[in-house]
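This is what each chain is made of:
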Amino acid sequence: MKLKDGFITYNTGDEHVTVSTGAKSLDFNGIIRSNPTAAVIIETLKNDVTVEDILKAVLEEFDVTKQVACEDIMKMVSRLRSLGVLDE
């Protein structure tokens, strides 16, 4: 899975932001504001990855159990899917 083309990401101090460029191929046309965990997930999704790849990135970045990381990842991936911003 991967973040669809047509998004840019950046940090605004304490917040990570994902912005739709308004591409006509996108169902989502807005801004996603993310906490640090979601930011790692979204940045990882700039490349074609698996859930295991995302898990590895989250575990490398944060001192968290595998179970908690998996729950956070699945919630974020589910949210991104519902927004229609993932290519799968």
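Before going into details, it helps to say that this report is about the structure given with it. (Residues numbered from 1 in each chain as written. Predicted model: local features only at pLDDT ≥ 70, side-chain atom pairs only at ≥ 80, totals over all residues. Heavy atoms only, no water.)

Side note on the sheet that holds strand S2 (residues 7–11)
Thought 1: Read across the sheet, three strands follow the order S2-S3-S4 without closing on themselves; strand pairing throughout is antiparallel. Pairing within the sheet leaves two strands with one partner each, and these edge strands are S2 and strand S4 (31–34). The average angle at which neighbouring strand axes cross in this sheet is 15°, direction not considered.
Thought 2: Of the strand pairs in this sheet, S2 and strand S3 (residues 16–20) are connected by five bridges, and their pairing is antiparallel. Each residue of the ladder has a partner; that of Asn11, found in S3, is His16. (Pairing = 2+ DSSP bridges. Helix = DSSP H or I, 4+ residues; strand = E, 2+ residues; numbered from the N terminus. Axes fitted to C-alpha atoms, helices over the stretch in contact; angles between N-to-C directions.)

Quick notes on the packing of helix H1 (residues 36–44) against helix H3 (residues 66–83)
The geometry of a pair of packed helices is captured by two quantities: the angle between their axes and the separation between those axes.
Thought 1: Following both chains from N to C, one finds H1 and H3 inclined at 65°, their axes separated by 10 Å at the closest point. Between H1 and H3 lies a crossing whose hand is right-handed. Touching Thr37, Ala38, Ile41 and Ile42 of H1 are Asp72, Ile73, Met76 and Leu80, all from H3.
Thought 2: Among the residues forming the contact of H1 with H3, the class breakdown is six nonpolar, one polar and one charged. (Left-handed = near helix turned anticlockwise from the far one by under 90°. Contact = heavy atoms within 4.5 Å. Nonpolar A, V, L, I, M, F, W, Y, C, P; charged D, E, K, R; others polar.)

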